[in-house]
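Spelled out, the chains give:
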Amino acid sequence: MFASRGLLRSSRRLVGGISSATRTYVNLSKPSTSVAVLELDRAPVNSLSKEMADAVSAAIKEAEGDDKVQALVLKSSNPKIFSAGLDITEMNNPEVERLEDFWRSIQDLFLTLYGSRLSTVAAIEGHSPAGGCLLAMSCDYRVMTEGENFKIGLNETKLGIAAPYWLKDLFVKTIGNREAELGLGLGKLYSPSEALSVNLIDEVVKNEDVLEVAMKEAETWAKIPPKGRVASKVMLRSEMMDELREKKELDVGWFRDFIMEEGTQKGIDAYLKSLGGKK
Ligand SMILES: CC/C=C\C/C=C\C/C=C\CC/C=C/CC(=O)SCCNC(=O)CCNC(=O)[C@H](O)C(C)(C)COP(=O)(O)OP(=O)(O)OC[C@H]1O[C@@H](n2cnc3c(N)ncnc32)[C@H](O)[C@@H]1OP(=O)(O)O
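Residues numbered from 1 in each chain as written. Predicted model: local features only at pLDDT ≥ 70, side-chain atom pairs only at ≥ 80, totals over all residues.

Basically, it comes down to this: UniProt positions are given in the numbering used here, feature names are shortened, and annotations may be inferred rather than shown by experiment.
For the chain, the name recorded in an unreviewed UniProt entry is Enoyl-CoA delta isomerase 1, mitochondrial, with Triparma retinervis as its organism. In its Sequence similarities (unreviewed entry) section, the UniProt record describing the chain reads: "Belongs to the enoyl-CoA hydratase/isomerase family."

**What about the overall build of the chain?**
This is how the line gets drawn: The numbering of helices and of strands both runs from the N terminus, where a helix is a DSSP run of H or I of at least 4 residues and a strand a run of E of at least 2. Counting other C-beta atoms within 10 Å of each residue's C-beta, where C-beta atoms are placed from the backbone, gives the exposure class: buried for 20 or more, exposed for 12 or fewer, partly exposed between.
Along its length, the chain carries 9 helices and 11 strands. Taken along the three principal axes of its C-alpha coordinates, the chain extends 55 × 40 × 40 Å. When each of the 279 residues of the chain is scored for burial, the buried share is 43%.

**Some words on the packing of helix α4 (residues 165–175) against helix α5 (residues 177–186)**
To keep things clear, this is the line we draw: All axes here are fitted lines through C-alpha atoms, helices being fitted over the stretch that makes contact, and every angle between N-to-C directions spans 0 to 180 degrees. Under this scheme an angle from 65 to 115 degrees is roughly perpendicular, one under 35 degrees roughly parallel, and one over 145 degrees roughly antiparallel; angles in between are oblique. Rotating anticlockwise by less than a right angle from the far helix to the near helix defines a left-handed crossing, while the corresponding clockwise rotation defines a right-handed one. Placing C-beta atoms from the backbone, we regard two residues as in contact once those atoms come within 7 Å. In this classification, Asp, Glu, Lys and Arg are treated as charged, Ala, Val, Leu, Ile, Met, Phe, Trp, Tyr, Cys and Pro as nonpolar, and every other residue, Gly included, as polar.
Two elements in contact, α4 and α5, have axes whose closest approach is 7 Å; the angle formed by their N-to-C orientations is 130°. When the axes of α4 and α5 are compared, the pair comes out oblique. Relative to α5, α4 is oriented so that their crossing is right-handed. Contacts between α4 and α5 involve Lys168, Phe171, Val172 and Ile175 from the first element and Asn177, Glu179, Ala180, Gly183 and Leu184 from the second. Split into classes, the residues belonging to the contact of α4 with α5 amount to 5 nonpolar, 2 polar and 2 charged.

**Comments concerning the nonpolar core**
Heads up, the rule is: Defined on buried residues, the nonpolar core groups Ala, Val, Leu, Ile, Met, Phe, Trp, Tyr and Cys residues joined through C-beta atoms within 7 Å.
Counting 77 residues, the largest nonpolar core has Leu38, Val73, Val121 and Ile152 as its most contacted members. Those residues within four positions of valine 73 in sequence are excluded, and the remaining contacts are Val35, Val37, Val121, Ala123, Ala214, Met215 and Ala218.

**Things to note about the sheet that holds strand β7 (residues 128–129)**
In plain terms, the rule: Strand pairing requires that DSSP identify at least two bridges connecting the strands.
With mixed pairing, 3 strands are arranged side by side in an open sheet as β7-β9-β10. Bordering the open sheet on either side are β7 and β10 (189–190), each of which pairs with just one other strand. Bridging between β7 and strand β9 (residues 152–153) involves 2 bridges; their strand directions are parallel. Residue pairing across strands places proline 129 opposite glycine 153, the latter belonging to β9.

Quick look at the structure:
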């Protein structure tokens, strides 16, 4: 069903007619003819390292390779954390070459998910800050689990960094300019009800219902004739994607220079130490 890719460790099994492939960092399954499920599976917090970003991109492309598949649900193996965003250790005293490649992988992941021919539904289980919010916003529809302690948003400024221009653009497209000014400037993380009120997400559901609701939504999108649906998506999204494709290496340079600054490094170092309490 899903062709294996050289890059990824992959094993296959058939459970109750469901083809499922387990790989490093992601699991891809196809519970119905037209809908695939991509599970983020990088403990402890699904942070996006270069390898994780590459694995997610490869799995999306693999799902797209099945002509019958029209929709994709993006979920987490962790019921409390969708994704903690970029792997901050990638940006902490990095080797320059690795840092640049890491950013190219993040750009590619965004372009792959945001520009997918598939209708994409994010089943946001728990926390989804920064790069986690990027993943969610790159989808066509967002369902988030209830629980006011769960947070979603772009908190970069609180780490002493700024979101790249294309993530800012995506945020503005999703919630509008004024709310984006507040959200970005304050590094605001929204509870599910707050996120719903600013249209950052589309639905809040009980934890136990999130996959069922996301699957149902995906089935609805999958029934729309793809020609018009995909053409509409391209019209809405291509301008932003074309701009990034054009500026990719410029953006890599901005990212590298920004991250390598001494002040940025101090901020990232301090933030990393504050996390988990063990570093
Ligand atoms: C003018 C501008 C010009 C140019 C700009 C150009 C480019 C832009 C430049 C930079 C852009 C960079 C973009 C960044 C986007 C990001 O995604 S940055 C990442 C932001 N993420 C976060 O802030 C989330 C941090 N994590 C948390 O808040 C919590 O971990 C979370 C609520 C998700 C879960 O909490 P909990 O269950 O209590 O877990 P712990 O906090 O105990 O964490 C468990 C271990 O995981 C480690 N960890 C957590 N998050 C990350 C992470 N994002 N990366 C790496 N590691 C992480 C944590 O340290 C613990 O590790 P330990 O067990 O201590 O070893």
